[in-house]
Amino acid sequence: MDRDGKEDKSTMTLLDSVSARLIGLPKDLDESISKASDSYLNLEERLDAYEDIFESEVGDTSLSRARNIERTVGLRQLYLKFEGSNPTGTQKDRIAFAQAMDALRRGYDTITLATCGNYGAASALAAYACGLRCLVYIPEKFSGKRLKAMKERGAEIVRVPGDYEAAVLASQNKAKEAELYDANPGGDNTPIQLRAYAEIAYEIYDELRDAPSVVAVPVSNGTTLAGIYKGFVSLYRRGKTSRIPRFVAGSSHNKNPIVHSFVKGVDHCADLKPHQIKETRVNEPLVNWHSIDGDHALEAVRSTGGWAANASDRVMLKYSKILSSEEGLNVLPASTAGLLVLLEHHRRHPLPGDRYVAVLTGRK
């Protein structure tokens, strides 16, 4: 019902006593959503309907030339890969929908994952669109707009004492105990996640017709960067590109194991001390004491001759406003971390004329 007590046609029943508002997907996909979530239809019909949703709404995001920023910083051919046109505004939709389709294909009725925000919203929507139950484990003190979005899309919220890593462990244990689909990073479905993020590399190649010199990515668990790297390695091995880009990782100051390990020169992605991690409204999407796919990301940075560094909350906030005013992009401040590390390197050690790409996510 809407506020006037009238039936709201944009609300669809998914599971017993669970309803979720159609937020993030256009109305013309209602029929496909209805088919994909109809447990009485045969699996092939449901998968076809869900594939229609997945292929039409997720990915194929814009790659635009940041000419105004180029003029300011003196770096030519800077491109922004803006993931904000995905249904929930971030690259997380890519892995959420890929895993929901995999869960549907393999006969699961429930997916589970831990999150502190964006991934939960994406997974809730992806599960909603094919009638899967979605269990989202979050730290007990977590709050934010994304929590409301998860609930609106029918996700069941389970609060866990402790931090994000504790929530991941609780979700993984629940998946094993109840034989649920484990959509957490670092598990058996990591190859699916990396392939989903590899699509970002393929889309960049489709636009530029070769690999750029550098790809800059904000990092938390490291899965996005590792997946994009996997995509460019595949392109290079198939003779599609003349090179593999150097990879740049950016994160919050001294709060991410990938960046910390690179700076310290350690052999693997070493954990930080949990009590030293302090989340803020700005840095929350970036901080971890344990980066689940950190070794993959660290190897990508090192093997390509890239680099990693930190960015402060103040500068990330400032640059999100610059991107809005200069390039017309409504960017999540934390997603500017990779771009900022690239630009700071150029300020200190001017980069040659070439093509540079920074991955950004939207603010919804």
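Each remark here, short or long, concerns the structure printed above.
Just so it is clear, the structure is predicted and the values come from calculations on it, not from any experiment. Sequence positions are assigned chain by chain, starting from 1 and proceeding in written order. In keeping with the predicted nature of the model, local features appear solely for residues at pLDDT of at least 70, side-chain atom pairs appear and are counted solely at 80 or more, and the whole-chain, interface and lining totals rest on all residues. Excluded from the side-chain calculation are hydrogens and water; included are all heavy atoms of the structure.

Undergrad: I tried to follow helix 11 (residues 294–303) on my own but got confused; where do I start?
TA: Owing to its 3.6 residues per turn, the α-helix aligns residues three or four sequence positions apart on the same side. All of the buried residues along helix 11 are Gly294, Ala297, Leu298, Ala300 and Val301. Mapping the buried residues of helix 11 onto a view down its axis gives an arc of 160°, with all of them on the same face. Considering only its buried residues, helix 11 is in contact with helix 9 (223–237), strand 10 (246–252), helix 10 (257–264) and strand 11 (307–311). Downstream of helix 11 by one or two residues, Gly305 has phi in the positive range, about 75°. Accessible area is worked out with a 1.4 Å probe on protein chains only. A residue is then buried under 20% of its type maximum, exposed over 50%, and partly exposed in between. Counting from the N terminus, the helices are DSSP H or I runs at least four residues long and the strands are E runs at least two residues long. This arc corresponds to the set of directions leading from the helix axis out to the C-beta atoms. Contacts are residue-level and defined by heavy atoms, with any inter-residue pair within 4.5 Å sufficient.

Undergrad: What am I meant to see in the sheet that holds strand 10 here?
TA: Adjacent strands of a sheet form backbone hydrogen bonds with each other and so pair up, either parallel or antiparallel. When DSSP finds two or more bridges between a pair of strands, those strands are recorded as paired. Here we have 6 strands laid out as an open sheet, ordered 3-4-12-9-10-11, and mixed in their pairing. This sheet does not close on itself; its edge strands, each paired only once, are strand 3 (62–65) and strand 11. For this sheet, the mean inter-axis angle between neighbouring strands, taken without regard to orientation, is 25°. Looking at chain direction, strand 9 (residues 214–218) and strand 10 are connected through 5 bridges and run parallel. Within the sheet, the bridge partner assigned to Pro218 lies in strand 10 and is Gly250. Contacting strand 3, strand 4 (78–82) and strand 12 (356–360), helix 8 (residues 190–208) runs over the sheet at an angle of about 135° to strand 4. To obtain each axis, a line is fitted to C-alpha atoms, and for helices this fit is confined to the stretch in contact; angles are then taken between N-to-C directions over 0 to 180 degrees.

Undergrad: What should I look at first to understand the nonpolar core in this one?
TA: One broad rule of soluble globular proteins: the nonpolar side chains tend to lie buried together. Joining through side-chain atoms within 4.5 Å is the link that ties buried Ala, Val, Leu, Ile, Met, Phe, Trp, Tyr and Cys residues into a set, and such a set is a nonpolar core. Counting 81 residues, the largest nonpolar core has Tyr50, Ile53, Leu225, Ile228 and Phe232 as the members making the most contacts within it. If near-sequence neighbours (up to four positions away) are discounted, Leu225 is found in contact with Val217, Val219, Phe247, Val248, Ala249, Ala297, Ala300 and Val301.

Undergrad: Just checking my understanding: could you explain the pairing of strand 5 (residues 110–114) for this structure?
TA: Each regular strand shows side chains that alternate between the opposite faces of the sheet. With 5 of its 5 residues buried, strand 5 lies for the most part within the structure. On strand 5, burial covers both faces: Thr110, Thr112 and Ala114 on one face and Ile111 and Leu113 on the other are all buried. Pairing of strand 5 with strand 6 (residues 133–139) involves 5 bridges; the strand directions are parallel. In the strand pairing of strand 6, Leu113 is matched with Val136. A crossover counts as right-handed when, viewed with the strands pointing away from the observer, the path leading from the first strand over the helix to the second turns clockwise. For the segment spanning strand 5, helix 5 (residues 118–128) and strand 6, crossover handedness is right-handed.

Undergrad: Is there a simple way to think about the sheet that holds strand 6 in this case?
TA: Read across the sheet, 4 strands follow the order 7-6-5-8 without closing on themselves; strand pairing throughout is parallel. The open sheet is flanked by strand 7 (156–160) and strand 8 (181–182), the only strands paired with a single partner. Relative to the sheet, helix 6 (residues 145–152) contacts strand 6 and strand 7, its axis offset from that of strand 7 by approximately 140°. Packing against the sheet, helix 7 (residues 164–178) makes contact with strand 5, strand 6, strand 7 and strand 8, and its axis sits at approximately 150° to strand 6.

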